Amino acid sequence: MTDSVLAPPTVREVVAALDARYPRAWAEQWDRVGPVLGDFDCPVETILCVVDCVPETVEEAVEAGAGMIVAHHPLLLKGVSSVAPDTYKGRIVHRLIKADIALYVAHTNADVANPGVSDALAARLDLVLPRPLVPAAPGSPAAGGGRGVGRVGELATPMRLAELADFVARRLPATAAGVRAAGDPNRVVRTLAVSGGAGDSFLRDATAAGADAYLCADLRHHPASEHLAAGGPALLDVAHWASERPWLDEVAGWLRAQFGVTALVSDLDTDPWTVHAVSSDKENHL
């Protein structure tokens, strides 16, 4: 008697499972999530999880023999009138179709999920008992179940802000941008708020949550400066890609457990900033 071999799932089956875990109704109204392209009836044996669907990660998928890409950022967030092959996104679409690679996006619906993007980020930093930074609004599709944007938790060991910046740099994937911190370097941080991706719209929430520091990406000069002047938590600014990369490990592990597929994670740094130079003499830059 031979052991039976389970047939690989189809694109349709993987899409249905992802939709159940990250319902499209949880996404912001402006967002574009769910399946983007691909033959629903094609079997899938290998899935590549990426933050960004760009030519380089598409080639990773091709080389790995992947039948599907699960991406965090939407490829077609804004409306287009053409996907002609002489356009940037059109070339990506044509390459995926020719290679029989389906594309699925989980973006803001994965941000608010539990577990979701910020849970993976909190886990990388050993946060204890994380809770939503901004709970999903009562009555909204994502309400309840510990869902919401960002997470707030206690550090396993309190650290000075300068120490915490070094700790974050060691725990998150390396990028040219690295980690910036704003505030008193000697401030002791016990409670840390985190949000994967751009997060300056949640500065007030980090203050209201009683956090000693708040970590996110893409902080801008004036919102950060005014937040600190108002006595808000210290800030840690990390590369956008690095803040969301940890989620790929979590979703890939779930796909393996769910379907027994080969689920790979792209470590290709798609952050646009590729060079970082530290000023050696501040006086030259006053």
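Residues numbered from 1 in each chain as written. Predicted model: local features only at pLDDT ≥ 70, side-chain atom pairs only at ≥ 80, totals over all residues. Heavy atoms only, no water.

(A) Here's a closer look at the environment of Ala-217. Looking at where Ala-217 falls in the secondary structure, it is placed in strand S9 (residues 213-217). Each C-alpha atom of the pair Ala-217 and Ser-201 lies 11 Å from the other, and the pair is 16 residues apart in sequence. Leave out the neighbours within four places in its chain, and Ala-217 touches Ser-195, Gly-197, Ala-198, Gly-199, Asp-237, Val-238, Ala-239, His-240 and Ser-243. (Helix = DSSP H or I, 4+ residues; strand = E, 2+ residues; numbered from the N terminus. Contact = heavy atoms within 4.5 Å.)

(B) View of the environment of Ala-263. Of note, Ala-263 is situated in strand S11 (residues 262-265). The buried category is assigned to Ala-263, whose relative accessible area is 3%. Through-space distance from the C-alpha of Ala-263 to that of Met-68 is 9.6 Å; in sequence the pair is 195 residues apart. If sequence neighbours within four positions are ignored, Ala-263 has contacts with Ile-47, Ala-252, Leu-255 and Arg-256. (Buried < 20%, exposed > 50% of the residue type's maximum accessible area, 1.4 Å probe, protein only.)

(C) Layout of helix H1 (residues 11-21). Buried residues of H1: Val-11, Val-14, Val-15, Ala-17, Leu-18, Asp-19 and Arg-21, and no others. Buried residues belonging to H1 abut strand S1 (34-37), strand S2 (46-50), strand S3 (68-71), strand S4 (102-105) and helix H9 (240-259).

(D) Just the sheet that holds strand S6 (residues 148-160), in detail. With mixed pairing, the six strands of this open sheet are ordered in space as S5-S6-S8-S9-S10-S7. At either end of the open sheet lies a strand with only one pairing partner, and these are strand S5 (128-135) and strand S7 (179-182). Between one strand and the next, the sheet's axes are offset by a mean angle of 25°, whatever the strand orientation. Note: S6 against strand S8 (residues 188-198), six bridges, orientation antiparallel. (Pairing = 2+ DSSP bridges. Axes fitted to C-alpha atoms, helices over the stretch in contact; angles between N-to-C directions.)

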